[in-house]
Amino acid sequence: MADGPYDAIVVGAGLVGAAAALALGRAGRRVALVDRRRPAEARGRLGFDVRTVALTPAGLEFLGVDVPDARIRRMRVWEEEGTGHIEFDSAALGSDALAHVVEVGATSAALWRAAEALDGVDVRCGAVSGLSEGAAAMQVSVGDAALFGRLVIAADGAESEVRRLAGVELLDRGDFDAALATVVRTGRAHGDAALQRFGRHGPLAFLPLPDAHCSAVIWSQDRTATERLCALDDGAFLAALDAASEGALGPLDAVDRRHAFPLAQRLVRDFNPRPRLLFVGDAAHTVHPLAGQGVNLGIEDAARLLDVAEGAADLGRPNLWRGFARRRRARAEAMVALMTALRSAYGYGGPVGRWLRNVGVRGLDTTPAAKRWLIREAMGQGVLARTL
Ligand SMILES: Cc1cc2nc3c(=O)[nH]c(=O)nc-3n(C[C@H](O)[C@H](O)[C@H](O)COP(=O)(O)OP(=O)(O)OC[C@H]3O[C@@H](n4cnc5c(N)ncnc54)[C@H](O)[C@@H]3O)c2cc1C
């Protein structure tokens, strides 16, 4: 420990942790970035990682690495039992894209390489297995090594080991469905459009990929239905997907492997349970992916963290993070509540519910100011995103 403790030790080099470490390193901080494994690019049968995420323009810019992306210029949302639909167009906002679809493996690998190339950041492979608190620093055990940091930033995902080691309370905001993620090749070109269709049993989304005839699919349903869909042979799965999407992308030609993810909404009671410990990303909150906001919320955590860190000599100084913790918890609670409301609104059957949704959706589609407000919030440029 010749140079003294790190300014921060970031545990977890997923998109959120790596983004936080890079940003702190670029701001001149001495940082350790630790992950149990080096992230690798993954390529499926159709040439893409089956794990993709839609990043807001601000989120992609914050990462500050060059990765292949597909722009979402338009978005169409409709429902299985309805006549109303809503359309968003980036041109109406004077923006080049509503969001950017990136592959998780390739983006994580690019962030890791950028961190390796940065003087202030030490990247280390190894599982974090211990955590203890001293007066001037936290000690983190990584295999046989001990690292010391003034602040530990836990970004080790939904099953956070740091959260377990620190005995931090997790609030349960409800189990939802499971999500199936894959990539399909489509007969019709996606035209840079994302499609989302709300079915009684959950939402189905197509996100455009850099190949005009390939889209990522995220299909949420209950766990039994998801398991059944995963077990179908490719032909039967494509037929089910074609029916559920009402043929929106023409005949579906091919599908990659299917992955199922359990979905639960949870958040830590306190994002800063000790002065030298902070939670961000999925380690702090998990939200339903129906609006593609999970990682964006985490990248927002990292961006706000940087604002607070600016000018602080000791990043673990008592009370430094209390305001951050309150605002980020409020932001995560608001997102969780919105996802619950959306999921429940579309899960409610019956003619009255259907009528209300159709009237509401048509009204929204023909009210440009309301549409602009909604999409700016989803793009991370709205009032909630800027003030919390
Ligand atoms: C089907 C699906 C679709 C989604 N689509 C979108 C979308 O379109 N847009 C969006 O914004 N979000 C989306 N999300 C959510 C998004 O994937 C997550 O919010 C995001 O990946 C979380 O990133 P993270 O960096 O916080 O955690 P993770 O990506 O989980 O990274 C955690 C890292 O910590 C490491 N780690 C864990 N334990 C240890 C340990 N003990 N020691 C060292 N390292 C450790 C892991 O190896 C991993 O690299 C989706 C989620 C699902 C399930």
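Everything numeric here is computed off the predicted structure, so don't read it as measured data.

## Brief notes about the site of the ligand
Then comes step 1: In the neighbourhood of the ligand, 28 residues make up the surrounding shell, with Asp-35, Arg-51, Val-128, Asp-282 and Val-295 lying closest.
Then comes step 2: The separation between an oxygen atom of the ligand and a polar main-chain atom of Gly-294 is 3.3 Å.
Then comes step 3: A distance of 2.8 Å separates an oxygen atom of the ligand from a polar atom in the backbone of Val-295.
Then comes step 4: If the ligand stood free it would expose 1000 Å²; the protein chains cover 87% of that surface.
Then comes step 5: Listing elements by their share of the shell around the ligand, those giving two or more residues are helix 1 (15–26), strand 3 (52–55) and helix 7 (294–309).

## With respect to the sheet that holds strand 8 (residues 121–125)
Then comes step 1: Strand order across the open sheet formed by five strands is 8-2-1-12-19, with parallel pairing between neighbours. Sheet topology places strand 8 and strand 19 (277–279) at the edges, where each strand pairs with a single neighbour. Put simply, the sheet's adjacent strands are angled 20 degrees from each other on average, direction ignored.
Then comes step 2: The sheet contact formed by strand 2 (residues 31–35) and strand 8 spans five bridges and is parallel. Its bridge partner lying in strand 8, Val-31 is registered against Val-121.

## Examining the packing of aromatic side chains
Then comes step 1: What the rule picks out here adds up to two aromatic pairs.
Then comes step 2: For the pair Trp-321 and Phe-324, a centre-to-centre distance of 5.5 Å together with 80 degrees between the ring planes defines the contact as edge-to-face. Each of the two residues, Trp-321 as well as Phe-324, counts as buried.
Then comes step 3: Here the basic side chain of Arg-30 rests over the ring of Tyr-6, its NZ or CZ set 4.5 Å away from the ring centre.
Then comes step 4: Between the NZ or CZ atom of Arg-76 and the centre of the ring of Trp-78, over which it lies, the distance is 5.8 Å.

## Concerning helix 6 (residues 234–244)
Then comes step 1: Restricting attention to buried positions, one finds in helix 6 the residues Phe-237, Leu-238, Leu-241 and Ala-244. Down the axis of helix 6, the buried set is contained in an arc of 125 degrees. They therefore lie on one face.
Then comes step 2: Its buried side turned inward, helix 6 meets strand 13 (170–186), strand 14 (193–199), strand 15 (202–208), strand 16 (214–221), helix 5 (223–231) and strand 17 (252–255).
Then comes step 3: Glu-246 sits one or two positions beyond helix 6 and adopts a positive phi of about 55 degrees.

## Some remarks on the nonpolar core
Then comes step 1: In terms of nonpolar packing, the biggest core is built from 53 residues, with Ile-9, Ile-72, Leu-131, Val-162, Leu-277 and Phe-279 touching the most fellow members.
Then comes step 2: In terms of residue count, the dominant contributor to this core is helix 8 (residues 322–347) (five residues).
Then comes step 3: Structurally, this core is a two-domain feature, drawing no fewer than three residues from each of domain 1 (8–41 + 105–172 + 265–387) and domain 2 (52–103 + 177–262).
Then comes step 4: Core analysis: the second largest hydrophobic core is formed by 45 residues, Val-16, Leu-33, Leu-60 and Leu-63 among them.

## Looking at unusual backbone geometry
Then comes step 1: In this model, Asp-192 sits at a positive phi of 60 degrees, which is unusual for a non-glycine residue.
Then comes step 2: With respect to the helices, strands and loops of the structure, Asp-192 is situated in the loop between strand 13 and strand 14.
Then comes step 3: The partly exposed category is assigned to Asp-192, whose relative accessible area is 27%.

## Some words on the sheet that holds strand 9 (residues 128–133)
Remark on secondary structure: sheet strands pair via backbone hydrogen bonds, oriented parallel or antiparallel.
Then comes step 1: Strand order in the open sheet formed by three strands is 9-10-11, and the pairing between neighbours is antiparallel. Of all strands in the sheet, those bounded by a partner on one side alone are strand 9 and strand 11 (145–149). For this sheet, the mean angle separating the axes of adjacent strands, direction not counted, is 25 degrees.

## Points about the environment of Ala-194
Then comes step 1: If you trace the backbone, Ala-194 turns up in strand 14.
Then comes step 2: When residues no more than four places from it in sequence are discounted, the contact partners of Ala-194 are Ile-72, Arg-74, Met-75, Arg-76, Phe-206, Leu-207 and Pro-208.

## Here's the deal with the packing of helix 1 against helix 7
Then comes step 1: In the contact formed by helix 1 and helix 7, the axes pass within 9 Å of each other and the chain directions differ by 20 degrees. Classified by the angle their axes make, helix 1 and helix 7 are roughly parallel. Judged by the twist between their axes, the crossing of helix 1 over helix 7 is right-handed. Residues Leu-15, Val-16, Ala-20, Ala-23 and Leu-24 of helix 1 form the contact with helix 7, whose participating residues are Val-295, Gly-298, Ile-299, Ala-302, Leu-305, Leu-306 and Ala-309.
Then comes step 2: Residues belonging to the contact of helix 1 with helix 7 are distributed by class as follows: 11 nonpolar, one polar and no charged.

## Let's talk about the pattern of salt bridges
Then comes step 1: Inspection of the entire model under this criterion finds 23 salt bridges.
Then comes step 2: Measuring nitrogen to oxygen at the nearest pair gives 3.0 Å for the salt bridge that ties Arg-328 to Glu-300. Of this pair, Arg-328 sits in helix 8 while Glu-300 sits in helix 7, and the two are 28 residues apart along the sequence. The burial state of Arg-328 is the same as that of Glu-300; both residues are buried.
Then comes step 3: The network of salt bridges with common partners includes Asp-69, Arg-71, Arg-73, Asp-96 and Asp-192.

## With respect to the side chain of Asp-301
Then comes step 1: With respect to the element layout, Asp-301 can be found in helix 7.
Then comes step 2: With residues up to four places along the chain from it excluded, the contact list for Asp-301 reads Val-280, Gly-281, His-285, Phe-324 and Arg-328.

## Description of the side chain of His-190
Then comes step 1: With respect to the helices, strands and loops of the structure, His-190 is situated in the loop between strand 13 and strand 14.
Then comes step 2: One polar contact links the side chain of His-190 to the main-chain carbonyl oxygen of Leu-209, over a distance of 2.8 Å.
Then comes step 3: Once you skip the residues sitting within four places of it in the chain, His-190 turns out to touch Pro-208, Leu-209, Asp-211, Ala-212, Cys-214, Ser-215 and Leu-249.

Scoring rules and cut-offs
Residues numbered from 1 in each chain as written. Predicted model: local features only at pLDDT ≥ 70, side-chain atom pairs only at ≥ 80, totals over all residues. Heavy atoms only, no water. Near = heavy atom within 4 Å. Polar contact = N/O pair within 3.5 Å; in protein donor to acceptor, adjacent residues only side chain to side chain. Areas by Shrake-Rupley, 256 points an atom, 1.4 Å probe, with all protein chains shown as cover. Helix = DSSP H or I, 4+ residues; strand = E, 2+ residues; numbered from the N terminus. Pairing = 2+ DSSP bridges. Axes fitted to C-alpha atoms, helices over the stretch in contact; angles between N-to-C directions. Phe/Tyr/Trp six-rings, centres within 6.5 Å; stacked < 30°, edge-to-face > 60°. Buried < 20%, exposed > 50% of the residue type's maximum accessible area, 1.4 Å probe, protein only. Lys NZ or Arg CZ within 6 Å of the ring centre and 35° of its normal. Arc of directions from axis to C-beta. Contact = heavy atoms within 4.5 Å. Core = buried A, V, L, I, M, F, W, Y, C linked by side-chain atoms within 4.5 Å. Domains from an automatic or database assignment. Parallel < 35°, antiparallel > 145°, perpendicular 65-115°, else oblique. Left-handed = near helix turned anticlockwise from the far one by under 90°. Nonpolar A, V, L, I, M, F, W, Y, C, P; charged D, E, K, R; others polar. Salt bridge = Lys/Arg side-chain N within 4 Å of Asp/Glu carboxyl O.

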